[in-house]
Amino acid sequence: MSKPLEGVKIIDFTHVQAGPACTQLLAWFGADVIKVERPGSGDVTRNQLRDIPEADALYFTMLNSNKRSLTLDTKTQDGKEVLEKLIQESDVLVENFAPGALDRMGFTWERINELNPKMIVASVKGFSDGHHYDDLKVYENVAQCAGGAASTTGFWDGPPTVSAAALGDSNTGMHLAIGILTALIGRDKTGKGQKVAVSMQDSVINLCRVKLRDQQRLDRVGYLEEYPQYPHGEFTDVVPRGGNAGGGGQPGWVLKCKGWETDPNAYIYFTVQGHAWEPICRAIGKPEWIDDPAYMTAQARQPHIFDIFNTIEAWLADKTKFEAVDILRKFDIPCAPVLSMKEIANDESLRASGTIVEVDHKARGKYLTVGSPIKFSDMKPEITGSPLLGEHTEEVLKDLGYSFDQIANLREAKVV
Ligand code: COA
């Protein structure tokens, strides 16, 4: 089956997570993604947190599937020539080096544009161009702190907290992928390439949109009624950390189920959806609350919402998280078990949908990875193993017109 991005050639000058997550997604959808790596070492994640001494680390394999690997020292004259040829033949160059690194290498936007005016150059940086921190190197948690996520995550009596979800890295990569696809559609209309830039801080802020909503509400009225601080606690002039409170208009909390004393994940998330109050009361065996003025409306419930959660927890005490959800789903109550990564890895539905996939790797054998979260009616992305360092060097150079002897010389000089 042909894939929509077949024929799009991408120079993948990315490393670590943010950039590789973007190019991996484009590779799944058919783009020819050539990962350019330094000879001898390659992407630093090949060696980070290895679980098998001689094989690429999962950190690398899970972010670089469906790609080809070309080793190339782009700081040598011969290496620069190879890169120039690649630029002339490609559609997109994606990079997430530290600020200024590509320019120092001699590949400014102007130079790339001169070599190939149709080229789209896509970059991830920690902060956007012109920002007062735009010289900083940035990793995931730095971005979560600079993007408002850390100050609003966690509990009010604890410090700012980062999320395990890669809001700074993979999330930024997804934003960049949208930017690249938009620029490709734009190029079809104008014939011209362009620069696409996404900062990690901006991408985190984009996901923290509702917290900026809350800041403005707080500025105006002085309280936020869906936060646990309301009405008994205190508000300052900044959005507080709300623990596990629901972020929208539906109160919710993480509630204990049977076995919580020994199983750290024996919990469900329970949402008190306003119009589902009646089914909630029926489900938890409190029909008398349905017409009780102290419980009937969301406003009436809010002052004692934690007493309500305590009552639901008492109902949950003899039910596992799965049994509880099986009961509550019949009442149309938005809820889910808190799943461990082990449960996710073994989840049959996730395997069947292709969200969790097992792939083969030449050096490490089978491993699990996350497949495409985007599902199409006419395409099923097939996830293949990540490339070994320099696995496709010869093949890529041959396609660029290099002879066997020239390739041998480049190898000898450690350019590839
Ligand atoms: N051949 C020759 N040199 C190469 C090369 C190649 N194939 N690939 C990379 N390099 C060089 C770069 O040109 C750079 O050289 P310079 O500093 O002399 O100009 C050098 O390798 C190191 O690159 P850098 O990006 O500075 O790596 P780092 O390990 O010091 O920093 C980050 C890592 C992630 C902090 C930094 O790249 C960064 O802030 N990137 C932007 C934000 C980002 O994506 N963060 C990571 C999210 S997962």
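Residues numbered from 1 in each chain as written. Predicted model: local features only at pLDDT ≥ 70, side-chain atom pairs only at ≥ 80, totals over all residues. Heavy atoms only, no water.

K.L.:
What am I meant to see in a positive patch on the surface here?
P.N.:
Residues Arg38, Lys75, Arg104 and Lys137 make up a contiguous surface patch of positive charge. Within the secondary structure, Lys137 is located in the loop between β5 (120-125) and α6 (140-146). The exposed category is assigned to Lys137, whose relative accessible area is 65%. (Patch = residues over 30% accessible without salt bridge, like charges linked within 9 Å, V, L, I, M, F, W, Y side chains within 5 Å. Areas by Shrake-Rupley, 256 points an atom, 1.4 Å probe, with all protein chains shown as cover. Salt bridge = Lys/Arg side-chain N within 4 Å of Asp/Glu carboxyl O. Lys, Arg positive; Asp, Glu negative; His and termini not counted. Charge placed at Lys NZ, Arg CZ, Asp CG, Glu CD. Helix = DSSP H or I, 4+ residues; strand = E, 2+ residues; numbered from the N terminus. Buried < 20%, exposed > 50% of the residue type's maximum accessible area, 1.4 Å probe, protein only.)

K.L.:
In this structure, what is going on with helix α7 (residues 170-190)? I would like to understand it.
P.N.:
Spacing of three or four residues puts side chains on the same side of an α-helix, whose turn is 3.6 residues. With 21 residues, α7 extends 30 Å between its outermost C-alpha atoms, agreeing within 8% with the 30 Å of an ideal straight helix rising 1.5 Å per residue. Within α7, the full set of buried residues consists of Asn171, Thr172, Gly173, Leu176, Ala177, Gly179, Ile180, Ala183, Leu184 and Arg187. In this structure, the buried residues of α7 make contact with α1 (18-28), β4 (92-95), β5, β6 (195-199) and α8 (200-207). (Expected span 1.5 Å × (residues − 1). Contact = heavy atoms within 4.5 Å.)

K.L.:
What's the story with the pattern of salt bridges in this structure? I'm lost.
P.N.:
Pairing between side chains of opposite charge can happen when the charged atoms of each approach one another. Using the criterion set out here, one finds 27 salt bridges in the structure. Two residues, Lys9 and Glu89, come together in a salt bridge whose shortest N-O distance is 3.5 Å. Of this pair, Lys9 sits in strand β1 (residues 9-13) while Glu89 sits in helix α3 (residues 77-89), and the two are 80 residues apart along the sequence. The partner of Asp56 in a salt bridge is Arg46, with the nearest N and O atoms 2.7 Å apart. Of the two residues, Asp56 sits in the loop between β2 (32-37) and α2 (58-61) while Arg46 sits in the loop between β2 and α2, which places them ten residues apart along the sequence. Residue Asp56 is classed as buried on the basis of its relative accessible area of 8%.

K.L.:
Would you take a moment to explain the sheet that holds β2 for this structure?
P.N.:
By definition, the strands of a sheet pair up through backbone hydrogen bonds, in either a parallel or an antiparallel sense. Pairing is parallel across the open sheet formed by six strands, whose spatial order is β3-β2-β1-β4-β5-β6. The open sheet has two edge strands, β3 (68-71) and β6, and neither has a second partner. Neighbouring strand axes in the sheet, compared pairwise and without regard to direction, differ in orientation by 20° on average. Note: β1 against β4, four bridges, orientation parallel. Following the sheet pairing, Ile10 is matched in β4 by Val92. (Pairing = 2+ DSSP bridges. Axes fitted to C-alpha atoms, helices over the stretch in contact; angles between N-to-C directions.)

K.L.:
Mind showing me how you'd approach the side chain of Thr152 here?
P.N.:
Along the chain, the position of Thr152 falls in the loop between α6 and α7. On the basis of relative accessibility, which here comes to 11%, the residue Thr152 falls in the buried class. For Thr152, the side chain forms a polar contact with the main-chain oxygen of Ala149, separated by 3.2 Å. (Polar contact = N/O pair within 3.5 Å; in protein donor to acceptor, adjacent residues only side chain to side chain.)

K.L.:
Sorry, what's going on with the UniProt feature "binding site: substrate" (unreviewed entry) in the protein here?
P.N.:
The UniProt feature table records "binding site: substrate" (unreviewed entry) at Gly248, Gly249 and Gln250. Positionally, Gly249 belongs in the loop between α9 (209-221) and β7 (252-256). Looking at the element boundaries, Gln250 is found in the loop between α9 and β7. Those residues in contact with Gln250, other than ones at most four positions away along the chain, are Thr271, Val272, Gln273 and Gly274. (UniProt positions renumbered as here; feature names shortened; annotations may be inferred.)

K.L.:
Mind showing me how you'd approach the state of the cysteines here?
P.N.:
Cysteine pairs can be covalently joined through their sulfur atoms, and such a bond is termed a disulfide. The tally for this structure, following the rule as stated, stands at zero disulfides. Not part of a disulfide, Cys145 finds its nearest cysteine sulfur in Cys208, a span of 11 Å. Left without a disulfide partner, Cys335 is nearest to the cysteine sulfur of Cys257, which lies 9.5 Å away. We classify Cys335 as partly exposed; its relative accessible area is 21%. (Disulfide = S-S within 2.5 Å.)

K.L.:
Which parts of the structure should I look at to understand the sheet that holds β7?
P.N.:
Pairing is antiparallel across the open sheet formed by three strands, whose spatial order is β7-β8-β9. Here the strands that pair on one side only, and so sit at the sheet edges, are β7 and β9 (335-337). On average, adjacent strands in this sheet sit at an angle of 20° to one another, irrespective of strand direction. Sheet topology places strand β8 (residues 267-271) next to β9; three bridges connect them, and they run antiparallel. Within the sheet, the bridge partner assigned to Phe270 lies in β9 and is Cys335. Packed on one face of the sheet, helix α12 (residues 305-316) meets β7 and β8 and runs near 35° to β7.

K.L.:
When you look at the domain arrangement of the protein in this model, what are you seeing that I'm missing?
P.N.:
Accessible area lost on assembly of the parts is the figure often given for the size of an interface. Domain assignment breaks the protein into domain 1 (9-206 + 346-413) and domain 2 (252-333). Each of domain 1 and domain 2 has a C-alpha centre, and the two are 43 Å apart. (Domains from an automatic or database assignment.)

K.L.:
What exactly am I supposed to notice about the nonpolar core here?
P.N.:
The nonpolar side chains of a soluble globular protein tend to be buried with one another. Counting residues in each nonpolar core, the largest one holds 37 residues, and the members touching the most others are Ile10, Leu26, Val92, Val94, Leu176 and Ile180. Sorting the residues of this core by element identifies α1, β4, β5, α7, β6, α8 and β10 (356-361) as the ones contributing at least two each. Contacts of Ile10, omitting those with residues within four sequence positions, involve Thr23, Leu26, Ala31, Asp32, Val33, Ile34, Val92 and Val94. With 28 residues, the next largest nonpolar core counts Val36, Leu72, Val82 and Ile407 among its residues. (Core = buried A, V, L, I, M, F, W, Y, C linked by side-chain atoms within 4.5 Å.)

K.L.:
Mind showing me how you'd approach the site of the ligand here?
P.N.:
Close to the ligand lie 23 residues; Lys75, Ala98, Arg104, Lys137 and Val138 are nearest. Asn96 has a polar side-chain atom sitting 2.9 Å from an oxygen atom of the ligand. Between Lys137 and the ligand, the recorded distance is 2.4 Å, taken from a side-chain N or O atom to an oxygen atom. Protein coverage of the free-state accessible area of the ligand, which is 940 Å², stands at 84%. (Near = heavy atom within 4 Å.)

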